[in-house]
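Descriptive structure summary
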Amino acid sequence: MAFDKKRKHSGEQSQAKRSQSKAGTKRQKTEKRVVAVDDLPWKTVEIPEMFDDAEGFYGLEEIEGVDVVREGDVVKFVAAVPKNKAEKDGGDDGEEFEGFDDTPEESSPVDTKAKDQKKEPKAKKKDAKESKKQPKDGKKDAMDQKKPAPQPEEDPELVSNLFTSIDTLPDVEPEEEVDVSEWAPLELSPDMLSAIGNLRFSKPTPIQARAIPEIINGRDVIGKASTGSGKTLAFGIPIVESWLAKQTEGKKDEKRQPTAMILSPTRELAHQISDHLKKLCDGLVSSPYICSVTGGLAIQKQLRQLEKADIIIGTPGRLWEVISTEPKIMNSIRGIDFLVVDEADRLLKDGQFKEAEDILKALDRTAPGEEAEEDSDSDEEPTPKHNRQTLVFSATFNKALQQKLAGKARFNLMGEAESLEHLLKKLNFREAKPKFIDTNPVSQMADRLKEGLIHCGDLEKDLYLYAVLLLQPTRRALVFTNAINTVRRLTPFLQNLNLPAISLHSDMEQKARLRSLEKFKADPPKNPAPGSSSNQAPILVATDVAARGLDIPNVDLVIHYHVPRSADDYVHRSGRTARATQSGVSIMLCGPKEDIPTQRLIAKVHASAAAASGKSKKDLLGVQTIDIDRRLVSHLKPRVTLSKKITETTIAKEKGAKEDDWLKNAAEELGIVLDDDEFGKVGSWKGKGSGKKQKEREAREVGKQEVKQWRWELKELLSRRVNTGVSEKYLNGVDVEGLLRGVRSEFLGQVEGLGL
Ligand SMILES: Nc1ncnc2c1ncn2[C@@H]1O[C@H](COP(=O)(O)OP(=O)(O)OP(=O)(O)O)[C@@H](O)[C@H]1O
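What counts, and at which threshold
The numbers attached to residues start from 1 for each chain and follow its sequence in the written order. It should be noted that, the model being predicted, local features are given only for residues of pLDDT at least 70 and side-chain atom pairs only at 80 or more, the latter also being counted only at that level, while totals for whole chains, interfaces and linings use all residues. Side-chain numbers here rest on the full set of heavy atoms in the structure, without hydrogens or water. UniProt positions are given in the numbering used here, feature names are shortened, and annotations may be inferred rather than shown by experiment. We call a residue near a molecule or strand as soon as one heavy atom of that residue lies within 4 Å of the molecule or strand. Any pair of N or O atoms that falls within 3.5 Å is considered a polar contact. Within protein, one atom must be able to donate a hydrogen and the other to accept it, and sequence-neighbouring residues count only if both atoms are side-chain atoms. The method behind every accessible area is Shrake-Rupley, applied with a 1.4 Å probe, and residues are considered shielded solely by the protein chains displayed. The residue classification treats Ala, Val, Leu, Ile, Met, Phe, Trp, Tyr, Cys and Pro as nonpolar and Asp, Glu, Lys and Arg as charged. All others, Gly included, are polar. The helix and strand labels rest on DSSP assignments: H or I over at least four residues marks a helix, E over at least two residues marks a strand, and numbering proceeds from the N terminus. At least two bridges found by DSSP between two strands are what make those strands a pair. Axes, fitted as lines to C-alpha atoms, cover a helix only where it is in contact. Angles between the N-to-C directions of the axes lie from 0 to 180 degrees. Every residue pair with non-hydrogen atoms within 4.5 Å of one another is taken to be in contact. Buried, partly exposed and exposed residues are distinguished by accessible area as a fraction of the type maximum, computed with a 1.4 Å probe on protein chains only: under 20%, between the cut-offs, and over 50%, respectively. If an angle is under 35 degrees, it is roughly parallel; if it is over 145, roughly antiparallel; if it lies from 65 to 115, roughly perpendicular; otherwise it is oblique. Crossing handedness is read from the near helix: turned anticlockwise from the far helix by less than a right angle, it gives a left-handed crossing, and turned clockwise, a right-handed one. Put simply, two rings from Phe, Tyr or Trp (the six-membered ring, in Trp's case) pair if the centres are within 6.5 Å, and we call them stacked under 30 degrees between planes, edge-to-face over 60, tilted for the rest. Only when the NZ of Lys or the CZ of Arg is both within 6 Å of the ring centre and within 35 degrees of the ring normal is a charge said to sit over the ring. Within this scheme, the nonpolar core is defined by two criteria: the residues are buried Ala, Val, Leu, Ile, Met, Phe, Trp, Tyr or Cys, and they are joined through side-chain atoms within 4.5 Å. For the handedness criterion, the strands are oriented away from the viewer, and a crossover whose path from the first strand over the helix to the second runs clockwise is classed as right-handed. Picture the helix axis, draw a direction to every C-beta atom, and the arc is the one those directions span.

- An unreviewed UniProt entry lists the protein chain under the name ATP-dependent RNA helicase, from Apiosordaria backusii.
- Word for word, the UniProt comment on the protein chain under Sequence similarities (unreviewed entry) is "Belongs to the DEAD box helicase family."
- Per its UniProt entry, the protein chain bears the Subcellular location (unreviewed entry) comment "Nucleus, Nucleolus".

Set out below in structure tokens:
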């Protein structure tokens, strides 16, 4: 079983952690026995940084493979312990069990040598790292000494019975080291290569291969590369390299100054960049202090973190709020070596331009007592007084700007006030012409992405959405909509159809948003209970809040329930799949009214590819029209109609109850008593939108019994096989339960064209 507990961070905890990781990697015979609670190999639960104080959950630890046995008032913990240890201790002879052993199990001299040789570089690194982390005053030794744990009473018979039912710890073979020789041309330090090896990235992505050397050579870089192509490490690796170089040059004891500041348009993205860089740095002998500064964290805590930060990642709004009031921190930030603007084009859209501009101005302002302040609004070319490099990255840049950056038009950076050109001007590059790297000049879409389009009636979208999801039960799907209300409706609609749908939109609390993301990332159980559909891959129904930058592993399918509002939105939404080395599918559901905007959008996204191939833009280049078997779709209709009715009635009732509460409260405050008749009249006004209101009222009047009946009918339908009406074979073969358990779905009709 697995359970959690909370206790103080201590040396014992890290001891247990190390012990546990060793237990996981070596073959050792184990035996179950009663173990003192402090001797169990507790594992710290990682709580995302953005949870602030995590409602008191920081310091939470968990453990697996332990049985809790209650004997009267005494609770005991039974776990697998190394057999030799148990034997050495004499089993139940009353001696104390001293915790999980950290020393390697004895093996033959040949084995040991081979193992040691292979593991040597890592071991050295780990030693160095551990020695760095050790407190100087020798407290560590004291901490590592195992405290004698109170000996729990044990009943050998009871314990041995329990042992028979518990598996021993799993044997895990050490992972093969990754060959990083393809990174050699980038001339990175051995420490960095080893950290990259830890991430198991055997070669750089194209943007990394081109941008890293330029940045290391001191160039200002504007990088454009498709979604999921590794842009974070394209700027992250050179920043960390620069920090490492400072350490070896002995500059670490000089005045504390951060190395880099990274501006991100969204809070989630800032935390993701921070996590990504931390993961890279996990493999280093010594690591920079990385901190993220976004809304949702206490300002005081952020100030403390900023004082010791080497790499700062933040959203402009909160960053400006914090640093503008702290001259000391502002001054130290003025000395950064790198300024990064990630997703630069989005930064402008979200009304964060003002704060971004304020930060940029402040960076170049001289500290009081130094030189006079320059007029930053002057039209003259600013002369950079700073020595930092500026790096700007995105998958999408405005076309005209791209041409200018690529040297095909005049590059004067004098556009309208709120344009990317203006922002670039404010960035005050060190060089007159920064290096523009475009790794995907022809297409902005990821290489392994297949794009599809399904034409359907405006009122048939729910039906087609369900059909596509049913056809792809093992694909982790992200469904994008243009409206929060659609997310609120589609999620229960799919859940009623036994599909594991999860919501994500900006009206949700930050913590709920994070929980949704965590649920979406979790794997469905491998062996679901018979009759359960729980191995259906999770489905996230979201607004564009999830469209930019989020790197969610194993998203195989993106469905645009509404056609996106802009070509760039389409690129970024679709870019949540087919990331890095993976492939994926993006499908748009297109109603008749959306036909023309869709054609325009596709032409825009694929314009360069069309021009390069000499084909007309109207050819829907790269986007395949998909024909779903319409007979199949019509057979799904009854269940979809029922689920829609149930969902809409439930939402209308909930909404109605809220409106009633509001009306009652308002009447109470005015001292008016409304009887039931009057109450009904208040809600039945006639005016704009009254048709919708009327429908909602009708839905509210549906009795509980009727909804119950619908639910029962739906359950019945879902338990039956889908009759495709194609042939007897199909009639017998279609098993929705089977489908939901992950059986491939050829019998429901193939999706033509995509080879799904
Ligand atoms: N060299 C590499 N080899 C394999 N995978 C890599 C490599 N570099 C980065 N990745 C992985 O690729 C994924 C996408 O990287 P990242 O999030 O940096 O993409 P991005 O280009 O910033 O995407 P977006 O434009 O959507 O923000 C991440 O999971 C990352 O760990």
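1. Regarding the site of the ligand
- Contacts to the ligand come from 20 residues, most closely from Gly-228, Lys-231, Thr-232, Asp-551 and Arg-579.
- In the environment of the ligand, an oxygen atom lies 3.0 Å from a nitrogen or oxygen atom belonging to the backbone of Ser-229.
- Considered on its own, the ligand offers 640 Å² of accessible surface; in the complex 90% of this is hidden by protein.
- The class makeup of the residues in the shell around the ligand is four nonpolar, ten polar and six charged.

2. Some remarks on the side chain of Asp-438
- Locating Asp-438 in the fold gives a position in strand E13 (residues 435-438).
- At a separation of 3.1 Å, a polar atom in the side chain of Asp-438 contacts the side chain of Lys-224.

3. So, the sheet that holds strand E14 (residues 449-455)
- A sheet is described by the order of its strands in space; here seven strands give the open sequence E16-E17-E15-E18-E19-E14-E20, paired in parallel fashion. Two strands close off the open sheet at either side, each with one partner strand: strand E16 (501-504) and strand E20 (623-625). Each strand of the sheet is rotated relative to its neighbour by a mean of 20°, with strand direction disregarded.
- With seven bridges connecting them, E14 and strand E19 (residues 584-590) associate as parallel partners. Bridge assignment links His-455 to a residue of E19, and that residue is Cys-590.
- Against the sheet, helix H19 (residues 510-521) contacts strand E15 (477-480), E16 and strand E17 (539-542), and its axis sits at roughly 145° relative to E16.
- Contacting E14, E19 and E20, helix H21 (residues 595-605) runs over the sheet at an angle of about 150° to E19.

4. Focus on the UniProt feature "domain: DEAD-box RNA helicase Q" (unreviewed entry) in the protein chain
- Within this structure's numbering, the places UniProt gives as "domain: DEAD-box RNA helicase Q" (unreviewed entry) are residues 181-209.
- Helix and strand shares over residues 181-209 are 45% and 0% respectively, and the end C-alpha atoms of the span are 13 Å apart.

5. Concerning the environment of Gly-591
- Within the fold, Gly-591 resides in the loop between E19 and H21.
- Taking relative accessible area as the criterion, Gly-591 reaches 1% and is therefore assigned buried.
- Expressed as a C-alpha distance, the spacing of Gly-591 and His-455, which sit 136 residues apart in the sequence, is 6.0 Å.

6. Observations regarding the packing of helix H7 (residues 206-216) against helix H8 (residues 231-248)
- One way to put it is that H7 packs onto H8 with a least axis distance of 9 Å and a crossing angle of 25°. Classified by the interaxial angle, the pair formed by H7 and H8 is roughly parallel. With respect to the hand of their crossing, H7 and H8 are arranged in right-handed fashion. Contacts between H7 and H8 involve Ile-207, Gln-208, Ala-211, Ile-212, Ile-215 and Ile-216 from the first element and Lys-231, Leu-233, Ala-234, Phe-235, Ile-237 and Pro-238 from the second.
- Counted by class, the contact of H7 with H8 contains ten nonpolar, one polar and one charged residues.

7. Concerning the packing of aromatic side chains
- What the rule picks out here adds up to one aromatic pair.
- Consider the rings of Phe-235 and Phe-393, whose centres lie 5.5 Å apart with planes at 50°: the pair is tilted. One end of the pair, Phe-235, is in helix H8; the other, Phe-393, is in strand E12 (residues 389-394), with 158 residues separating them in the sequence.
- What makes Phe-235 buried here is its relative accessible area of 0%.
- A relative accessible area of 0% means that Phe-393 is categorised as buried.
- A cation over a ring is seen here: Lys-461 above Tyr-561, with NZ or CZ 5.7 Å from the ring centre.

8. Focus: the nonpolar core
- Ranked by size, the top nonpolar core spans 41 residues in total, and within it Leu-465, Leu-494 and Ile-628 carry the most contacts.
- Sorting elements by how many residues they give to this core places helix H17 (residues 461-471) first, with nine residues.
- Residues within four places of Ile-628 in sequence aside, it is in contact with Ile-454, Tyr-464, Val-468, Leu-471 and Val-633.
- Counting 39 residues, the second largest nonpolar core, distinct from the first, contains Ala-195, Val-221, Leu-233 and Val-240.

9. Let's talk about the sheet that holds strand E11 (residues 338-342)
- Taken in spatial order, the seven strands make up an open sheet running E9-E10-E8-E11-E12-E7-E13, and their pairing is parallel. Each of the sheet's edge strands pairs with one partner strand only, and the pair in question is strand E9 (290-293) and E13. Taking each pair of neighbouring strands and ignoring which way they run, the sheet shows an average axis angle of 15°.
- Running at roughly 170° to E11, H8 makes contact with strand E8 (260-263), strand E10 (311-314), E11 and E12 of the sheet.

10. Considering the pairing of E19
- Most of E19 sits inside the fold, with seven of its seven residues counted as buried.
- Neither face of E19 is exposed, since Gly-584, Ser-586, Met-588 and Cys-590 on one face and Val-585, Ile-587 and Leu-589 on the opposite face are all buried.
- Note that strand E18 (residues 557-560) and E19 share four bridges and pair parallel. Looking at E19, one finds that Leu-557 is bridged to Val-585.
- Handedness of the β-α-β unit built from E18, helix H20 (residues 567-574) and E19 comes out right-handed.

11. So, helix H12 (residues 327-334)
- Regarding H12, the residues found buried are Ile-329, Met-330, Ser-332 and Ile-333. The arc that holds every buried residue of H12, seen down its axis, measures 165°, which confines them to one face. When the buried face of H12 is taken as reference, the exposed residues oriented beyond 90 degrees from it are Pro-327 and Lys-328.

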